[in-house]
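Each chain is listed here by its residues.
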Amino acid sequence: MPEGDTIYRAARAMQKAIGGKVVTGFETGLAKLARVNDDAPLVGRMVEKVESRGKWCLIFFSGDLILVTHMLMSGSWHLYRPGERWQLGRGRMRVVIRTVDWEAVGFNIPVAEFHTARSLERSSQVPKLGPDILSENFTVDGGVARMAVYGRENPDAEIAAVLLNQRVLAGLGNVYKSEILFAAGVNPFRAMRTITPREMESMVDVAQRYMKANVVDGNGDRIVTYSGNRRTTHAMDREERLWVYRRQGQECRRCGATVMMRKQGVQARSTYWCPACQPWVGDGEAPVGRARLVRGREVP
Ligand SMILES: [Zn+2]
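Sequence order sets the numbering: in each chain, residues are counted from 1 along the sequence as written. Since the coordinates come from a predicted model, pLDDT governs what is reported: local features require at least 70, and pairs of side-chain atoms require 80 or more to be given and counted, while whole-chain, interface and lining totals use all residues. By convention in this description, side-chain values take in all heavy atoms of the structure and omit both hydrogens and water.

Caption draft 1: Representation of the sheet that holds strand β3 (residues 56-61). If you walk across this open sheet you meet the four strands as β2-β3-β4-β8, and the pairing is antiparallel. What marks the edges here is a single partner per strand, and that holds for β2 (47-53) and β8 (111-115). Averaged over neighbouring strand pairs, the angle between their axes works out to 15° when direction is ignored. If DSSP finds at least two bridges between two strands, the strands pair. Numbered from the N terminus, helices here are DSSP runs of H or I no shorter than four residues, and strands are runs of E no shorter than two. Examined bridge by bridge, β3 and strand β4 (residues 65-70) share six bridges and lie antiparallel to one another. Helix axes are fitted only over the stretch in contact, all axes being lines through C-alpha atoms; the angle between N-to-C directions runs from 0 to 180 degrees.

Pasting the structure below:
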């Protein structure tokens, strides 16, 4: 049975493969979808983004059309190169989205429907996103209020996982997560019940400032949170632009302690922190991480 994190990985893989690409072909065995495609064809639209919300996968097309799927027990999305042999029979195909380079094939998908932004907003089934940090309407107070409500409902949730939860605040990825926690001096493994309103305010404020400062960059590859004392004209390496992200084993830029890394949460995302600048608060021992620098590129 696909769990939320499986859907999450599938959505991320699909985003990488077909995100930003133009649809060159669309097929479906589902009459409801075929009717929409007849009236408002998918071919020629751009795949704006693919995202997961819990066990739902949402594919956003240009022109206000969103394909919403739920896998239940049996469904799955596969990615193939054009002409590559599918692992499951054609009879199980429910949806195919083709681009020049890829075919995204949905097999055995029991729940699939098209939405507009408006009908999605009204749908009671699909989980809603939290306030979008980059939205014009976003306020620090509003973000803190949302986080506080979630914290009361989930007192044991770890703060780093909460920052990644798009149903609490929408927009933060794995790089921002570690950088925001460092800037706010909050240990990533602390339970929500230990987080003070002042700390929430600090995190939401930093989140908004970092995201606004980096808004030109869509893929998170060139995020800058630390500029040091130097001004250089050439492009800096990623590790020179960040406080802690991917800096395990190196000295904290603020205090000189060794930056740590540890996989966190059901999705095992890498979390980076300074154990001195981000002290542990809570029961038991402070979590310890790896401090050895691992060579090679890690998927954030
Ligand atoms: Zn430090």
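Caption draft 2: A look at the coordination of the zinc ion. Protein coordination of the zinc ion is provided by Cys252 (SG), Cys255 (SG), Cys274 (SG) and Cys277 (SG), with donor distances spanning 2.3 to 2.4 Å. Around the zinc ion, the four donor atoms sit at angles spanning 101 to 115°, and that spread fits a shape best called tetrahedral. Spacing between the donor residues of the zinc ion along their common chain follows C-x2-C-x18-C-x2-C. Of this pair, cysteine 255 sits in the loop between α7 (197-213) and β9 (260-264) while cysteine 277 sits in the segment after β10 (269-273), placing them 22 residues apart in sequence. Atoms of type N, O and S within 2.8 Å of a metal are treated as its donors, and for Na, K and Ca the window is 3.2 Å; water is not considered, so some sites may appear to be missing partners. For four-coordinate sites, all angles between 85 and 135 degrees define a tetrahedron; for four- and six-coordinate sites, opposite donors beyond 155 degrees with the remaining angles between 65 and 115 define square planar and octahedral shapes respectively, and all other cases count as irregular.

Caption draft 3: Looking closely at the pairing of strand β6 (residues 93-98). Direction of pairing for strand β1 (residues 25-28) relative to β6: antiparallel, over a ladder of four bridges. Residue pairing for β6: glutamate 27 is matched across the bridge by valine 96. Pairing between β6 and strand β7 (residues 103-107): five bridges, direction antiparallel. In the strand pairing of β7, arginine 98 is matched with glutamate 103. Between β6 and β7, which pair antiparallel one after the other, the connecting turn spans four residues.

Everything listed here is a matter of coordinates, which is why it stays silent on function.
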